[in-house]
Each structure stands twice: as C-alpha cells, then as structure tokens.
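Coordinate analysis (summary)
Here's the letter readout for the chains.
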Amino acid sequence: QYQRRVRGSLVRGMESQSLARKPGVQILELTHEEMLFKLVDSDASFANALRRTIIAEIATLAIDLVEIENNSSVLSDEFLAHRLGLIPMVSKTVDKFADCRDCMNCSNFCSMCSVEFRLAVSCEEDGTLMVTSKDLYAQDNTLGVEPVQAEGDTADGILIVKLRKGQELKLRAIAKKGVGKVHAKWQPVSCCTFWPVPVVEINSVLAGLLTEEEKKQWCAACPSGGIQVNDQTGEFEILDKTKVAQSIEFKEYSTTLLKELEASGKIPLENKYDELVKQSFRDDQFLFHLETTGALTPDECVVSAIKVLREKLNTFNKFLLNEGEDSGYQHMEV
C-alpha cells in the first residue's frame, strides 16, 4: 500500500511538471509611453493578475502633502492640492525611497522617503498667467524626480491654475512613495487591458467557390477595417483579426453563403460538413496594451509587476513551508 501511494505521488508529480506553463512575453510595439505585447503559454488568471498588479501594486512617487503659504487665485486650497496630487512624477528612482509609513528616520517626511517641491508665482501684468507643472521646482535636483513633461522644450506643462493681475500662488509640496491601490494618483498607467489572441480560419476551398460580389458583401458584413478582398488576387486579407473574430454579423453572413453553396451543389463531397470560417480565441495567449502616465516606461511597469508577483508567490510559499502542526498540513497524505 505504501509503494502504491509513493508510485501514485510520483506519477502525479510528473504529470504536474508536464502540465506546468512557462509564460513568455513577445513585444510587438514599444514607445516611450505605450506598449503592445503578447503573453504566451499562460492562462487568463495569470494575465488578469499581471494586469491588476500593473495598475495597483507598482510603486511610484506623487504629491501627497501640500502646504499653501499664499493663495489668492480663484481655486480653493483643497482644489489646488487635489490637482497637484494628480500630476505624474518621473519615478525611475522610486526604489531608492523608503515608504513613508515604514521610514525609520522621521515621523512625517524626510529626504529618505520624500521629495520637496516649491512653487512661487505671481501675476503682475494684464492678462492671464498660466501656472503649470513647469513652475514646480524640486529642492534637490540630484534625485531625478520632476513632473512629467511632454517631449520637446517648447511643450507646455500640466495646467494647475490661471492667475490674473495681482493674484499670487506660493506653496510647498511633498511627493511621497505609494501604490495605486491606496490612491489612483500613484497608478503608473492610464490604460492597461488584455484580450485573448483571436483565431480566424477561412476555408480556402469553400471561399474559392464564392463570386467576387459575394466576397465583397461578406467583407462588408464585418466591421470596417477587419477584412478585405485583394482586387488582383481575389484572396481575403485579414486586417484586424480581433474585429473579424468578434463579428457576429460576419459569422451569420457566412452561414447564409454556406447554405446558398449547399443549395447550388457546388460543395465537394469531402468538404460537405466544413464551415466557411472558424472564429475563436486562444486560451493560452493574450495581447496586452498599456499606456503609462510617464512616471515609468511601459517595459519598467511590466518588469516591476513581475517582480511584485514573484515576491508574493515566494511569501505564500514560505508560509506553506512554515505551516504549524495545528493545521494538519504537515500530516496530510499525498
């Protein structure tokens, strides 16, 4: 009986190793702010965990404390503090800062867990003066933390408030380290979505029996930019597989065309039970699209999220190994 249990556990162990997935990433498009990549050899649960981690678990820097010395603008102090908090900060050096809640050197903020900014603007001329994120100056420029700016020296900063003649705004702002699950201002991305990789297979034999007009009408049933017919070769060209795979009208029209082909008797006997098109989605590959706020680059967001997930799994595994005897875990039979 003991040998049977051991043999059974070995077989189950080999089966689990053969079924184990090894996720990988294929980068399709990458810019300074956007990224499109394919997650392969994975499942929906891991893809969603990665998405949620990117949104809520990656640390960045954002203004969390505002001390206003003088504000004669039309906006209230609370409104200004809220606008300042939503200005994204370049957070490439965020790992050098301690979490303000865990900082051992201070009770509120210090140079080890925060960055201090100053803003002092007054309007002394007729007209409207735009106060933007470019008017925020860090007290320590060596830290590399500054408001995110658009590319180009002539680009305008993020608008904070408008001043008229005689109005003034003077304040001190403290940027601290945080994560998106505490407040949205610490989220490194403005958009992070994923969807399964679409699969579209058009039966070349049955499609060859369609007339040019039928082909064009079939393509017209799909959303614009999904599929088209090459005027020279007469072959179908899939422009966007996601649109084609999701189109119910495209599938319904293919059923109508197939019935007409069956009625005409043109379908070969070996293709009698074939479908004109197969629309589906893979359950082991997913397309990810994310757009950052500029605090971190897209690839840094993905790498940081994978590190966070790895730390969580290691912590969970450690708890399992150190489980006490009272739970009965160590005495479970395999």
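Preceding block: the structure.
Residues numbered from 1 in each chain as written. Predicted model: local features only at pLDDT ≥ 70, side-chain atom pairs only at ≥ 80, totals over all residues. Heavy atoms only, no water.

All right, on to the packing of helix α2 (residues 44–56) against helix α8 (residues 298–321) then. Direction vectors running N to C along α2 and α8 enclose 110°, while the axes themselves pass 9 Å from each other. One element, α2, and the other, α8, form an angle in the roughly perpendicular class. Where α2 crosses over α8, the two elements pack in a sense that is right-handed. The residues of α8 that touch α2, namely those facing Phe46, Ala49, Leu50, Thr53 and Ile54, are Cys301, Val302, Ala305, Ile306, Val308 and Leu309. (Axes fitted to C-alpha atoms, helices over the stretch in contact; angles between N-to-C directions. Helix = DSSP H or I, 4+ residues; strand = E, 2+ residues; numbered from the N terminus. Parallel < 35°, antiparallel > 145°, perpendicular 65-115°, else oblique. Left-handed = near helix turned anticlockwise from the far one by under 90°. Contact = heavy atoms within 4.5 Å.)

Counting 26 residues, the largest nonpolar core has Met89, Phe117, Leu119, Val131, Leu136 and Ile160 as its most contacted members. Broken down by secondary-structure element, the contributors of at least two residues to this core are β3 (60–71), α3 (77–85), β4 (114–122), β7 (159–163) and β8 (168–178). Counting residues in each nonpolar core, the second largest holds 19 residues, with Phe236, Leu257, Leu261 and Leu276 among its members. (Core = buried A, V, L, I, M, F, W, Y, C linked by side-chain atoms within 4.5 Å. Buried < 20%, exposed > 50% of the residue type's maximum accessible area, 1.4 Å probe, protein only.)

Before going further, it helps to examine α3. Every buried residue belonging to α3 is among Leu80, Leu84 and Gly85, and all of these are buried. Buried residues in α3, looked at end-on, bunch into an arc of 135°, giving them a common side. On its buried face, α3 sits against β3, β7 and β8. (Arc of directions from axis to C-beta.)

Across all of its chains, the model carries 0 disulfides by this definition. With no disulfide of its own, Cys222 has Cys219 as its nearest cysteine by sulfur position, at a separation of 7.8 Å. (Disulfide = S-S within 2.5 Å.)

Before going further, it helps to spend a moment on the sheet that holds strand β2 (residues 34–40). Reading across the sheet, the 4 strands line up as β1-β2-β12-β9 and stay open at both edges, with antiparallel pairing between neighbours. The sheet is open, and its two borders are formed by β1 (24–30) and β9 (189–202), each paired with just one other strand. Direction aside, the axes of adjacent strands within the sheet are offset by 30° on average. The pairing of β1 with β2 spans 6 bridges and is classified as antiparallel. Within β2, the position partnered with Ile27 by the bridge is Phe37. (Pairing = 2+ DSSP bridges.)

For the coordinates displayed, the defined rule picks out 5 aromatic pairs. Within the aromatic cluster, the residues linked to one another by ring pairs are Phe37, Phe194, Phe286 and Phe288. Directly above the aromatic system of Trp186 lies the positively charged group of Lys185, at a separation of 4.9 Å from the ring centroid. (Phe/Tyr/Trp six-rings, centres within 6.5 Å; stacked < 30°, edge-to-face > 60°. Lys NZ or Arg CZ within 6 Å of the ring centre and 35° of its normal.)

Moving on: the sheet that holds β3. Pairing in this open sheet of 4 strands is antiparallel, and the strands run β3-β8-β4-β6 from one edge to the other. On the outer flanks of this sheet lie β3 and β6 (137–138), each paired with one strand and no other. As judged from the 10 bridges shared by β3 and β8, these two strands associate in the antiparallel manner. Directly across from Thr60, in β8, lies its bridge partner Gly178. On top of the sheet, α3 reaches β3 and β8; it is set at about 150° to β3, its chief contact.

This brings us to the environment of Thr292. Note that Thr292 resides in strand β12 (residues 277–292). A sequence separation of 100 residues divides Thr292 from Cys192, and the C-alpha atoms of the two residues are 8.5 Å apart. With near-sequence residues (within four places) excluded, Thr292 lies in contact with His32, Glu33, Pro188, Val189, Ser190, Thr297, Pro298 and Cys301. Of the polar contacts made by the side chain of Thr292, one reaches the backbone nitrogen of Gly294; its length is 3.4 Å. Of the polar contacts made by the side chain of Thr292, one reaches the backbone oxygen of Leu296; its length is 3.3 Å. (Polar contact = N/O pair within 3.5 Å; in protein donor to acceptor, adjacent residues only side chain to side chain.)

Okay, the pattern of salt bridges next. Inspection of every chain in the model, using the stated rule, returns 12 salt bridges. As a salt-bridge pair, Glu69 and Lys170 come within 3.8 Å of each other at their nearest N and O atoms. Of this pair, Glu69 sits in strand β3 while Lys170 sits in strand β8, and the two are 101 residues apart along the sequence. Exposure remark for Lys170: the relative accessible area of 35% places this residue in the partly exposed category. (Salt bridge = Lys/Arg side-chain N within 4 Å of Asp/Glu carboxyl O.)

Okay, the layout of surface pockets next. Roughly 460 Å³ of volume is contained in the largest pocket. Lining of the largest pocket is provided by 19 residues; of these, Ile58, Ala59, Val94, Asp95 and Ser304 occupy positions nearest its centre. At the level of secondary structure, the elements contributing two or more residues to the lining of the largest pocket comprise β8 and α8. Here the lining of the largest pocket gets 6 residues from one element, more than from any other, and that element is α8. Along the lines of polarity and charge, the residues of the lining of the largest pocket split into 7 nonpolar, 3 polar and 9 charged. Approximately 280 Å³ is the volume attributed to the second largest pocket. Lining of the second largest pocket is provided by 15 residues; of these, His32, Val90, Val148, Gln149 and Gly294 occupy positions nearest its centre. The residue makeup of the lining of the second largest pocket, split by class, is 6 nonpolar, 5 polar and 4 charged. (1 Å grid on protein atoms, 1.4 Å probe; cavity = no way out; pocket = protein on both sides within 12 Å on 5 of 7 lines; lining within 4 Å. Points joined across faces, edges and corners; volume = space filled by probe spheres on them. Nonpolar A, V, L, I, M, F, W, Y, C, P; charged D, E, K, R; others polar.)

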